[in-house]
Each structure stands twice: as C-alpha cells, then as structure tokens.
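A closer look at the structure
So you can see what is in the structure, the chains are spelled out below.
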Amino acid sequence: MDRLHFFTPVRIARGQGYPMEEVDSVSEAMVFLRKWPTGRRGPVYQCALNCCAAAVSGKMSAEEARKAFVGFARITRLLDDDMALPLGGASMDNVYALRR
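Presented here is an overview of the structure given in this document.

Analysis parameters
- Residues numbered from 1 in each chain as written.
- Predicted model: local features only at pLDDT ≥ 70, side-chain atom pairs only at ≥ 80, totals over all residues.
- Heavy atoms only, no water.
- Helix = DSSP H or I, 4+ residues; strand = E, 2+ residues; numbered from the N terminus.
- Buried < 20%, exposed > 50% of the residue type's maximum accessible area, 1.4 Å probe, protein only.
- Contact = heavy atoms within 4.5 Å.
- Areas by Shrake-Rupley, 256 points an atom, 1.4 Å probe, with all protein chains shown as cover.
- Axes fitted to C-alpha atoms, helices over the stretch in contact; angles between N-to-C directions.
- Parallel < 35°, antiparallel > 145°, perpendicular 65-115°, else oblique.
- Left-handed = near helix turned anticlockwise from the far one by under 90°.
- Nonpolar A, V, L, I, M, F, W, Y, C, P; charged D, E, K, R; others polar.
- Salt bridge = Lys/Arg side-chain N within 4 Å of Asp/Glu carboxyl O.
- Phe/Tyr/Trp six-rings, centres within 6.5 Å; stacked < 30°, edge-to-face > 60°.

Another aspect to go through is the overall build of the protein. Per the secondary structure count, the protein includes five helices and two strands. Sorting the 100 residues of the protein into buried and exposed places 33% on the buried side. Counting contacts in the protein only where the partners sit at least 6 residues apart, residues at least 24 apart contribute 47% of the total. Accessible area for the protein stands at about 6,700 Å²; split by element, carbon and sulfur atoms hold 54% of it.

So this is what it looks like as structure tokens:
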C-alpha cells in the first residue's frame, strides 16, 4: 500500500438517488475537495484541503489527512451514516440513543 492510501476508505453519501462513493486516498480526497462548490468552502473545507496537501508533501500522515477529510464530510453531512457509528463494543440500543 502506498503511503497516501487510507487504511479505511471514507464513504460519502450524497443522498437518495446517488451512488455511495468511497474515497481511499489523499489524492482522491483532494480531487473531491477541489470539485466542492466555491461558495461552500469554509474553514473546515480549508483545513481538510491543507491537511491533504501536507500529507502529499510528507509533512503529515495519510491518516491525519483522513481525519480532517472525515471531519469535513461529517460537517457537510456527506459522511455515510455507517461511518458515524462506533466500532464494536457498544450495544445497538446505546448507539441509537446517542443518534436521536
């Protein structure tokens, strides 16, 4: 695996009628971010873009850039619901109680 690939892809859900997208590397995240509408580019967008650029230049790990991209996807409500759930350990009742 190349140093710019994510250990776990980030699943993007644009909504009903759109296919789910998986972003598995820093370069794919940068392509996604560059296509983002100019009028919707705020500080969280800029942070994610800066982190991806830092990963490309070797100043940050791909996983750190992934965390910034996940934050962007969560804030913009593009993060697939399954990605927002905690991994293992918690009962589903507790998970759904937290999400209400």
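For the rest of this paragraph, the subject is the packing of helix α2 (residues 43-56) against helix α3 (residues 62-75). For the pair α2 and α3, interaxial distance at closest approach is 8 Å and the crossing angle is 160°. Accordingly, the angle class assigned to the pair α2 and α3 is roughly antiparallel. Seen from above, α2 lies across α3 with left-handed handedness. Across the interface between the two elements, Val44, Tyr45, Cys47, Ala48, Cys51, Cys52 and Ala55 of α2 pack against Ala62, Ala65, Ala68, Phe69, Gly71, Phe72 and Ile75 of α3. Tallied by class, the residues present in the contact of α2 with α3 amount to 13 nonpolar, one polar and no charged.

Counted under the stated rule, the structure contains two salt bridges. Two residues, Asp80 and Arg11, come together in a salt bridge whose shortest N-O distance is 3.1 Å. Here Arg11 lies in strand β1 (residues 5-12) and Asp80 lies in the loop between α3 and α4 (81-84), a separation of 69 residues in the sequence. When its relative accessible area of 24% is taken as the criterion, Arg11 is described as partly exposed. When the shortest N-O distance is used, the salt bridge between Arg14 and Glu21 registers 2.6 Å.

What follows deals with unusual backbone geometry. Backbone geometry places Arg77, a non-glycine residue, at a positive phi of 60°. Along the chain, Arg77 turns up in the loop between α3 and α4. For Arg77, a relative accessible area of 74% translates into the label exposed.

Take the packing of aromatic side chains next. This structure, assessed with the given rule, holds five aromatic pairs. On the basis of an interplanar angle of 80° and a centroid distance of 5.1 Å, the ring pair of Trp36 and Phe72 is categorised as edge-to-face. Here the residue Trp36 occupies a position in the loop between α1 (26-34) and α2, and Phe72 occupies one in helix α3, the gap between them amounting to 36 residues. You'll find Trp36 and Phe72 in the same group, each marked buried. Among the aromatic side chains, those forming a connected cluster through ring pairs are Phe32, Trp36, Tyr45, Phe69 and Phe72.

Moving on to the side chain of Asp80. Judged by relative accessible area, which is 9%, Asp80 ranks as buried. If sequence neighbours within four positions are ignored, Asp80 has contacts with Arg11, Ala13 and Met20.

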